[in-house]
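What the coordinates show
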Amino acid sequence: MNTPHVVVIMGVAGTGKTTIGPLLAARFGVPYAEGDDFHPQANIAKMSAGTPLTDDDRWPWLDAIGDWAHGRAGLGGVVSCSALKRSYRDRLRAAAPGVVFVHLTGDRALIEDRMSHRQGHFMPTALLDSQFATLQPLEPDEAGVAVEVTGSPEEITEGAVTALAALPEPAP
């Protein structure tokens, strides 16, 4: 499947957005953008200190991701973004109406285990509870799919490709 969709890889920290995003982008032959790169330094400092971001902290970050997605409309692309709340996804859709979401899901124990083994990431495991508390899964009226994060990165990517293939193509 080669798609002009702009896909937002979403989910709590530790679900594999940064691993699956580039694999999915390569599979579709489109660019990948790392959502963390859109954070202002002040956000990274807060999260590194174990302080959850507020909505006011997130708006400029979401707007920057939305701008990138808007620029890729009709061309395709994949970007990672936690997009934990419906209001965050609505903001991304306002900037780029054709975006679709791939919600990487898994149980807390698996995700905590993955987070405890990763190196050099600013998000501490201590913030995982706040991420799960904030998470609002995709609703039926939202364009997107949920994909379990059990299995290898390649298996997860294949699950995302299969699920996305069932979505309607975006309007030109």
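Residues numbered from 1 in each chain as written. Predicted model: local features only at pLDDT ≥ 70, side-chain atom pairs only at ≥ 80, totals over all residues. Heavy atoms only, no water.

Under an unreviewed UniProt entry, the chain has the name Gluconokinase and belongs to Streptomyces capillispiralis. According to its UniProt record, the chain has this under Sequence similarities (unreviewed entry): "Belongs to the gluconokinase GntK/GntV family." Here the chain is described in UniProt, under the heading Catalytic activity (unreviewed entry), as follows: "D-gluconate + ATP = 6-phospho-D-gluconate + ADP + H(+)". (UniProt positions renumbered as here; feature names shortened; annotations may be inferred.)

**A short note on the overall build of the chain**
When helices and strands are tallied, the chain shows seven helices and five strands. Expressed as a percentage of its 172 residues, the buried residues of the chain come to 44%. Across the chain, contacts joining residues at least 24 apart in sequence account for 76% of those joining residues at least 6 apart. Within the structure as shown, the chain displays about 7900 Å² of accessible surface, and the carbon and sulfur contribution to it stands at 56%. (Helix = DSSP H or I, 4+ residues; strand = E, 2+ residues; numbered from the N terminus. Buried < 20%, exposed > 50% of the residue type's maximum accessible area, 1.4 Å probe, protein only. Contact = heavy atoms within 4.5 Å. Areas by Shrake-Rupley, 256 points an atom, 1.4 Å probe, with all protein chains shown as cover.)

**A word on the packing of helix α1 (residues 17-28) against helix α7 (residues 153-165)**
In a packed pair of helices, the relevant descriptors are the angle between the two axes and the axis-to-axis distance. Orientation of α1 relative to α7, taken along the N-to-C sense of each, is 55°, at an axis distance of 9 Å. Overall, the two elements α1 and α7 adopt an arrangement that is oblique. The hand of the α1/α7 crossing is right-handed. Side by side, α1 and α7 meet where T19, I20, L23, L24, R27 and F28 of the first sit next to P153, E154, I156, T157, E158, A160, V161 and L164 of the second. (Axes fitted to C-alpha atoms, helices over the stretch in contact; angles between N-to-C directions. Parallel < 35°, antiparallel > 145°, perpendicular 65-115°, else oblique. Left-handed = near helix turned anticlockwise from the far one by under 90°.)

**Quick word on the nonpolar core**
Ranked by internal contacts, the top residues of the largest apolar core, which has 21 residues, are V8, C81, L92, V99 and F101. Contributing elements (two or more residues each) for this core: β1 (6-10), α3 (55-71) and α4 (86-95). The element best represented in this core is α3, accounting for four residues. Apart from the residues within four sequence positions on either side, V8 is in contact with V79, C81, L92, V99, V100, F101 and V102. By size, the runner-up hydrophobic cluster in this structure holds 19 residues, among which are V7, I9, V78 and L164. (Core = buried A, V, L, I, M, F, W, Y, C linked by side-chain atoms within 4.5 Å.)

**A closer look at the sheet that holds strand β3 (residues 77-80)**
As summarised here, the arrangement of the five strands in space is β2-β3-β1-β4-β5, forming an open sheet in which the pairing is parallel. Taken across any chain shown, the strands that pair with only one partner, and hence form the sheet edges, are β2 (32-33) and β5 (144-148). Direction of pairing for β2 relative to β3: parallel, over a ladder of two bridges. Paired with A33 across the two strands is V79, which belongs to β3. Sitting on the sheet, α3 touches β1, β2 and β3, and the angle it makes with β3 is about 170°. (Pairing = 2+ DSSP bridges.)

**Considerations on the pattern of salt bridges**
Taken as a whole and assessed by the stated rule, the structure comprises 12 salt bridges. Close ionic contact of K46 with D57 constitutes a salt bridge, the shortest N to O distance being 2.6 Å. Of this pair, K46 sits in helix α2 (residues 41-48) while D57 sits in helix α3, and the two are 11 residues apart along the sequence. The partly exposed category is assigned to K46, whose relative accessible area is 27%. On the accessibility criterion, D57 (17% relative accessible area) is buried. (Salt bridge = Lys/Arg side-chain N within 4 Å of Asp/Glu carboxyl O.)

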